[in-house]
Amino acid sequence: MSRRIRLAVVMDPIADIKFAKDTTLAMLLAAQRQGYELWYLTQPDLYLRDGVARGRARALTVMADPGRWFTLGEPQDTPLGEFDVILMRKDPPFDMEFIHTTYILERAELAGALVVNRPQGLRDMNEKVYTAWFPELCAPTLVTRSMDAMADFAREFERIVVKPLDGMGGRSIFVVDRHDKNLRVVFETLTEHGSRYAIVQKYLPEIVSGGDSRVLVVDGVPAPYALARMPSASDNRGNLAAGATGVARPLNERDRELAAAIGPALAARGMLFVGLDVIGGFITEINVTSPTGVREIDKQFGTDIAALLIDAIDRRLAARR
């Protein structure tokens, strides 16, 4: 009998997740169904000793039960390189603590673990800035500290979206018009008076009718359905955490074009699970840290997108063997 594959997950506290919406839980359930042995860690459990990545891991069992979806064993101090797979599913903010965690996970990778997504890619591919590697697929975009440059951009495009580079879930996203009297205040707030970079994009009005669509890409191949996140009547943001409604839909031709242009390049760099945010046929973000949307799509179309990821992990492990 072959040894069970050992998968460790690094995530936010599992007791605090939203059972019905959590994509990481879907991944863990899929892995468990396929016979994986599960282990659980949070950021504080990770450490380096003499160059060896270690962690206080706990055996994990997950259940498809909204009243009790997990059980944990006692902590065991373990070299992270002894796990076959490590899922890095810690949510942003993408701060220095996040970067420090990727250093630890990179040492685990060098010791033999398959880390998904790859730590170097997590550091290199900021979800807002990495769109610059595919400018022909994106709406006009400016990354700057200069509030004057932001004002010029607003005058050029009339209506703009201003965002921090390290946020998630719609936090601190502003939609403003060039004549808005709060325009300067927004620039001052997000750049901390010109001391931090922020991103400015042309506002795409298609978000009102078509939503902000999340196209999930698994090992370079898009899942068959996207999740269109429709802003509420009282909000501009297409983020589920900000009150948007998730409506799953089949991929269209443009979705496939975007995924074909970006997906294989990211998969080649070890990014096995990626979320492309698409408004009006343009990429606005490339999410590599902890993309979500799986549970909503699965519920509406009967898919099992997390199982596609576990299959991709199986293939990667088989190729190593």
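Above this text sits the structure in question.
Residues numbered from 1 in each chain as written. Predicted model: local features only at pLDDT ≥ 70, side-chain atom pairs only at ≥ 80, totals over all residues. Heavy atoms only, no water.

(A) Region of the structure containing the packing of aromatic side chains. One pass over the structure, following the stated rule, counts eight aromatic pairs. With 4.8 Å between their ring centres and 50 degrees between their planes, Phe-153 and Phe-157 make a pair best called tilted. Residue Phe-153 and its partner Phe-157 are both found in helix α4 (residues 147–157); the two are separated by four residues, about one turn of the helix. Among the aromatic residues, ring-to-ring pairing joins Phe-19, Trp-69 and Phe-70 into one connected group. Between Arg-159 and the ring centre of Tyr-203, over which it is positioned, the NZ or CZ distance is 4.5 Å. (Phe/Tyr/Trp six-rings, centres within 6.5 Å; stacked < 30°, edge-to-face > 60°. Helix = DSSP H or I, 4+ residues; strand = E, 2+ residues; numbered from the N terminus. Lys NZ or Arg CZ within 6 Å of the ring centre and 35° of its normal.)

(B) Representation of the pairing of strand β13 (residues 212–218) in the model. The buried fraction of β13 amounts to seven of the seven residues, a majority that puts the element mostly inside the structure. Neither face of β13 is exposed, since Asp-212, Arg-214, Leu-216 and Val-218 on one face and Ser-213, Val-215 and Val-217 on the opposite face are all buried. Two strands pair when backbone bridges link them, and β13 and strand β15 (residues 225–230) are joined in this way by three bridges, in the antiparallel orientation. When the bridges of β15 are listed, Arg-214 appears paired with Leu-227. Bridge analysis of β13 against strand β17 (residues 273–279) gives six bridges, and the strand direction is antiparallel. Within β17, the residue paired with Ser-213 across the bridge is Val-278. Remark: two residues form the turn of the hairpin made by β13 and strand β14 (residues 221–222), two consecutive strands paired antiparallel; Asp-219 in that turn has positive phi of roughly 50 degrees. (Buried < 20%, exposed > 50% of the residue type's maximum accessible area, 1.4 Å probe, protein only. Pairing = 2+ DSSP bridges.)

(C) Quick peek at the pattern of salt bridges. Considering all chains together, one arrives at 24 salt bridges under this definition. The salt bridge involving Arg-118 is made with Glu-109; its shortest N-O contact spans 3.0 Å. Since its relative accessible area comes to 14%, Glu-109 is described here as buried. A salt bridge links Arg-249 to Asp-255, with the shortest nitrogen-to-oxygen separation between them at 2.7 Å. What you see here is one network of salt bridges that share partners, running through Asp-212, Arg-214, Arg-229 and Asp-277. (Salt bridge = Lys/Arg side-chain N within 4 Å of Asp/Glu carboxyl O.)

(D) Quick look at the environment of Lys-90. Mapped onto the secondary structure, Lys-90 falls in the loop between β7 (85–89) and α2 (96–110). According to the relative accessible area criterion, Lys-90 is buried, its value standing at 13%. Spatially, the C-alpha atom of Lys-90 lies 6.1 Å from that of Val-10, the residues being 80 residues apart in sequence. Excluding residues that lie within four positions of it along the chain, Lys-90 makes contacts with Val-10, Met-11, Asp-12, Gln-43, Phe-98 and Ser-290. (Contact = heavy atoms within 4.5 Å.)

(E) Up close: the packing of helix α1 (residues 23–33) against helix α9 (residues 305–320). Packing of α1 against α9 brings their axes to within 8 Å, and their N-to-C directions diverge by 60 degrees. Compared by their axis directions, α1 and α9 come out oblique. Crossing hand, α1 versus α9: right-handed. Where α1 abuts α9, its residues Ala-26, Met-27, Ala-30 and Ala-31 lie against Ala-306, Ala-307, Leu-309 and Ile-310. Among the residues making up the contact of α1 with α9, the classes are represented as eight nonpolar, no polar and no charged. (Axes fitted to C-alpha atoms, helices over the stretch in contact; angles between N-to-C directions. Parallel < 35°, antiparallel > 145°, perpendicular 65-115°, else oblique. Left-handed = near helix turned anticlockwise from the far one by under 90°. Nonpolar A, V, L, I, M, F, W, Y, C, P; charged D, E, K, R; others polar.)

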